[in-house]
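# Examination of the molecular architecture
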Amino acid sequence: MNISSEIDVHEELSGASIGPFHKLLGILITLITLFDGYDTFNPAYVIHYVVQPWGLAPSQAGFLVSSGLVGFLFGAVGHGTVADRFGRRGTLLAGLWIVNVFTLLTAMLANDFWSYCALRFATGLGLGVLLPLGTTFINFSRPSVSAIRSRSGASRWAGHSAASALASSAFS
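Residues numbered from 1 in each chain as written. Predicted model: local features only at pLDDT ≥ 70, side-chain atom pairs only at ≥ 80, totals over all residues. Heavy atoms only, no water.

### Side note on the overall build of the protein chain
Along the protein chain, the regular secondary structure elements total six helices and zero strands. The order of helices and strands in the protein chain, counted from the N terminus, is α-α-α-α-α-α. Carbon and sulfur atoms provide 68% of the accessible area of the protein chain, an area that totals close to 10400 Å². (Helix = DSSP H or I, 4+ residues; strand = E, 2+ residues; numbered from the N terminus. Areas by Shrake-Rupley, 256 points an atom, 1.4 Å probe, with all protein chains shown as cover.)

In C-alpha cells, the structure reads:
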C-alpha cells in the first residue's frame, strides 16, 4: 500500500460533489447579498422623505444618496488586504456587524444631512465587504465544475437585484 502525504487540492476540489455544506453556504451568501442589495439602494428611496424637511439642495441630495456608495468603494477596495491578514470568515462576519450596527445607528441617530452621510459612509464600508467577499467565499469553497460556477454566480447577483426590486416596490 502506497500512502502519499501530498494532496493536490485543485484535483480534489474538481472531483468533489456538492454536499450539504455547499448548499447551506450558497443559501447564506445569497441571503447576505439580498440584504446587501436592499441596504445599498435604501437611500434612493428615503431621499424623497428628507429633501424638504432638511432643506437639501440637489447637490446635497446626490451626495446623501452616494455617501454609502463611496463607503462601498472603500470597503470593496480594502477588504482584500484585511481578509488576507485576518481570514475571510472573520472579515465577512465583521462586514456583517458593521452593516447591522451602522444601519441601526442610521435609523436611530441620523437626524440631519451630515450625520446621515457619515453613518451611511460607515455602513457602506461594511456593504463593500459583503458582495465581493461573499463571491470569493463561494468560489473557493465549492467544487470547480463550470455549471456550478455559473449557477452560484447567478444566484448571488440575482439576490442583489431581487433586493433592489423589493426595496423599490416597498417604497412606491
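Still more ground to cover, so stick around.
### Concerning the packing of aromatic side chains
Enumeration according to the criterion identifies five aromatic pairs in this entry. Here the aromatic residues Phe63, Phe113 and Trp114 are joined through ring pairs into a cluster of three or more. (Phe/Tyr/Trp six-rings, centres within 6.5 Å; stacked < 30°, edge-to-face > 60°.)

### Points about empty space enclosed by the protein
Scanning the entire structure with this criterion turns up one cavity of 30 Å³ or more. Within this model, the largest cavity holds a volume of roughly 30 Å³. Thr40, Pro43, Val65, Gly68, Leu69, Arg120 and Leu127 together form the lining of the largest cavity. In terms of residue class, the lining of the largest cavity is built from four nonpolar, two polar and one charged. (1 Å grid on protein atoms, 1.4 Å probe; cavity = no way out; pocket = protein on both sides within 12 Å on 5 of 7 lines; lining within 4 Å. Points joined across faces, edges and corners; volume = space filled by probe spheres on them. Nonpolar A, V, L, I, M, F, W, Y, C, P; charged D, E, K, R; others polar.)

### Re the layout of surface pockets
The volume enclosed by the second largest pocket comes to roughly 210 Å³. Looking at the second largest pocket, it is lined by 13 residues, and the ones nearest its centre are Phe35, Asp36, Asp39, Val99 and Asn100. When contributions to the lining of the second largest pocket are tallied by element, the ones reaching two or more residues are α2 (20–54), α4 (88–109) and α5 (113–139). Per-element tally for the lining of the second largest pocket: the top contributor is α2, with seven residues. Split by residue class, the lining of the second largest pocket holds eight nonpolar, three polar and two charged.

### Some words on α5
Compared with the 39 Å implied by 1.5 Å per residue over 27 residues, the 39 Å span of α5 between its first and last C-alpha is a close match. The largest bend in α5 amounts to roughly 25° and is located at Leu133. Most of α5 is tucked away, with 20 of its 27 residues classed as buried. (Expected span 1.5 Å × (residues − 1). Bend = angle between axes of the 7 residues up to and from the residue. Buried < 20%, exposed > 50% of the residue type's maximum accessible area, 1.4 Å probe, protein only.)

### Concerning the pattern of salt bridges
Applying the stated criterion to the full structure yields one salt bridge. Across the salt bridge formed by Asp39 and Arg120, the nearest N and O atoms sit 2.7 Å from each other. Here the residue Asp39 occupies a position in helix α2, and Arg120 occupies one in helix α5, the gap between them amounting to 81 residues. On the basis of relative accessible area, Asp39 is assigned to the buried category, the value being 7%. Using a relative accessible area of 3% as the deciding quantity, one classes Arg120 as buried. (Salt bridge = Lys/Arg side-chain N within 4 Å of Asp/Glu carboxyl O.)

So far we have only geometry, and geometry alone does not tell us how the molecule works.
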